[in-house]
Every structure is written in structure tokens, then in C-alpha cells.
Amino acid sequence: MLGFNDLLNLFSTDIEWNTHKAVVFRYSHGFCYFHAIERLPKIDAQKLIGVRENYELLENNTRNFCENSPAANALLWGARGCGKSSIVKAVCYEYANKYPNLRVLEVESKDIAILPLLFDCMRLLREYKFIVFCDDLTFNANTSTYHGLKSTLDGSMEQQAENILIYATSNLRHLMPEKADLNMLHTQDSIHEVLALSDRFPLQIGFYDNGQKEYLEILEHLIREENSELSQEMIAYIMQEIKQDSLNFATKIGNRNPRTAKSYYALNHARILNFIKTKND
């Protein structure tokens, strides 16, 4: 069994924090290690369509954190494929390069039970500030792992660490399916228990499904981005040609989010180029 000293040794000596901006904690079948990320994914915030306000909320919070001003743990929740993870990655890329002491630690949601021990490790490296990234964080009604997370975020006797924030994404606003167990979740005490967990994230940023207009705007932006030389007339022609087909594609997928628009564009890239070639000829 992994002890705290073993974990601390891995955390503080096996990782060269002075050279690595980001690390992923991996755990499987009793074995764990820290995988250093050589390069953070570069995501241009200007290309995040329709979620600019959401980005600015997280960006301002991150800037405050890096500059020792009040900042909060953040939960980005809502519709799948709408850019929650992309916004976190974009902010982390920008600020890890801007502030030399900022580090990112990614922890899979299945390994959340070890978070209190990781917090203890990060507290000891006071020269760094850590953003802990947990993607797709969700709990079911029968698990108890969220209790450790709840006390770690707020509720423990120990004062909250000033050099650690958690940025989590979830499809669920309260991190737990509200109908997972009708007999349990509909009791007053259980509802309070669920809300108490999400309340540990003072900064909550919601993402919502796009309508047809927004979906087509995203698709048009993708075409413009790669073909900046095209005239407005040509763009209008292409959009007219692919409009119904792209909407049918979104209907089959089940949503009109940016991920679906990108998928349609990738799958029909050659076809769109052919429209351009045919029109020019």
C-alpha cells in the first residue's frame, strides 16, 4: 500500500518542478506515478467561439490567484462538448507561461480519493502555486469518495492552502445525478449533502446547448479560419450548400455544440474544398 512518505517522495523528488509546468497523476492497480507533461496544449482563447465570457471569468480568477489576490475553486458545468475543458487548458497554457511559479496537476476523477494526500504534498512546495485540474468530475449516490474532496476544499480543521486551487469540469451542476437514487436524493438531508459539495466551488461557470444559429456560426468560423482569402459571397455559398446536411449531422449526434461542428467540418473538409474549387472554376 502506498504511504504518504512514498507519495511525497514521488511528488517532491521524482518530478523536476523547476522545469516542468504540468504533471499528470496516474494510478492503476495499486501502482502510481507522476507523468511530466513536456508541453501544455496550446489553445488560442480567441478561437473559443461563443464562450468568451466564460473564458474571461476563469481568466480573471487565475490572474488573481497568480497575483496573490482572492481567488476561488472553479466548477465548469453544463452541456457536453461546449468547451469546458478547452477553456481550462487555454487558461492554464496562458498563465503557466506568464507566471514562472504556476504549475498544473491533472488528477483523473476516478482517483479523487487521493486528493487530500496530494494537497498535503503541494502545501509543502510553497514556492509554487498549483492548479489541480479534474476533468469530468461526477459522483454517484452510493460513493463516499466525495466526502474527502468536500473536507479538503472547505471543512477541515486545517486552513485552506493559499497555493492551491481546483478547476473541475462536469456535465452535472451539482456533481451528482439528481435521480441516481430516488429514495435517497429526494430526502432533505441528502439534498443538502449534494449541494454542500458543489458549494465548495464558489466560482461556478455554466455552459449551455447551442441553438441552430450559434451552431452554424461556429461552422462558418471554422471555414473562415482556414480559408481567410474567401469572399463573403463564397462563404455564403458554402454555408448554403452544407446548411441542411450539417444540421442533419447534428441531429444524429444529438447536439449542436462546438465539438459537433468541428467533427462535421473535419469529416466534410474535402467536400467543402471541392465546393470552393467548383465555384472558382
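Residues numbered from 1 in each chain as written. Predicted model: local features only at pLDDT ≥ 70, side-chain atom pairs only at ≥ 80, totals over all residues. Heavy atoms only, no water.

A. Up close: the pattern of salt bridges. For the coordinates displayed, the defined rule picks out 7 salt bridges. A salt bridge links Arg224 to Glu220, with the shortest nitrogen-to-oxygen separation between them at 3.0 Å. Remark: Glu220 and Arg224 occur in helix H8 (residues 212–226); sequence separation between them is 4 residues, near one turn of the helix. The exposure class of Arg224 is partly exposed, given its relative accessible area of 31%. Overall, Glu220 belongs to the partly exposed group, its relative accessible area being 23%. (Salt bridge = Lys/Arg side-chain N within 4 Å of Asp/Glu carboxyl O. Helix = DSSP H or I, 4+ residues; strand = E, 2+ residues; numbered from the N terminus. Buried < 20%, exposed > 50% of the residue type's maximum accessible area, 1.4 Å probe, protein only.)

B. Representation of the nonpolar core within the structure. Ranked by size, the top nonpolar core spans 37 residues in total, and within it Phe34 and Leu118 carry the most contacts. With 5 residues, helix H4 (residues 115–124) is the single largest residue contributor to this core. One finds Ala22, Cys66, Tyr99 and Tyr167 within the second-largest nonpolar core, a separate group that totals 31 residues. (Core = buried A, V, L, I, M, F, W, Y, C linked by side-chain atoms within 4.5 Å.)

C. Quick look at the side chain of Lys84. Take Lys84: it is sitting in helix H3 (residues 84–98). Although Lys84 lies buried, it forms no salt bridge, and the closest oppositely charged side chain, Asp135, sits 7.0 Å away as judged by the N-O distance. In terms of polar contacts, Lys84 uses its side chain to reach the backbone carbonyl oxygen of Gly78, at 3.3 Å. Each residue touching Lys84, except ones within four places of it in the same chain, is listed here: Leu76, Trp77, Gly78, Ala79, Thr169, Ser170, Asn171 and Phe207. (Lys, Arg positive; Asp, Glu negative; His and termini not counted. Polar contact = N/O pair within 3.5 Å; in protein donor to acceptor, adjacent residues only side chain to side chain. Contact = heavy atoms within 4.5 Å.)

D. Focus on the packing of helix H1 (residues 4–13) against H4. In contact at an axis separation of 10 Å, H1 and H4 are set at 50 degrees when each is read in the N-to-C sense. By the angle between their axes, H1 is oblique relative to H4. Here the hand of the crossing between H1 and H4 comes out right-handed. For the pair H1 and H4, the contacting residues are Phe4, Leu7, Leu8 and Phe11 in the first and Leu117, Leu118, Asp120, Cys121, Met122 and Leu124 in the second. Residue composition of the contact of H1 with H4, grouped by class: 9 nonpolar, no polar and 1 charged. (Axes fitted to C-alpha atoms, helices over the stretch in contact; angles between N-to-C directions. Parallel < 35°, antiparallel > 145°, perpendicular 65-115°, else oblique. Left-handed = near helix turned anticlockwise from the far one by under 90°. Nonpolar A, V, L, I, M, F, W, Y, C, P; charged D, E, K, R; others polar.)

E. Structural view of the state of the cysteines. Under the definition given, this model contains 0 disulfides. In this structure Cys32 is a free cysteine whose sulfur lies 9.8 Å from that of Cys121, the closest cysteine sulfur available. In this structure Cys32 comes out as buried when scored by relative accessible area, which is 7%. (Disulfide = S-S within 2.5 Å.)

F. Quick peek at the sheet that holds strand E2 (residues 31–37). In space, the 7 strands of this open sheet follow the order E2-E1-E4-E5-E6-E3-E7, with mixed pairing throughout. Both outer strands of the open sheet, E2 and strand E7 (203–207), are each paired with one neighbouring strand and no more. Mean inter-strand twist for the sheet, computed between neighbouring axes without regard to direction, equals 20 degrees. Bridge count for strand E5 (residues 129–134) against strand E6 (residues 164–170) is 5 bridges, and the pairing is parallel. The residue of E6 that forms the bridge with Ile131 is Leu165. Here H4 sits on the sheet and contacts strand E1 (22–28), E2, strand E4 (102–107), E5 and E6; the angle it forms with E6, its principal contact strand, is near 145 degrees. (Pairing = 2+ DSSP bridges.)

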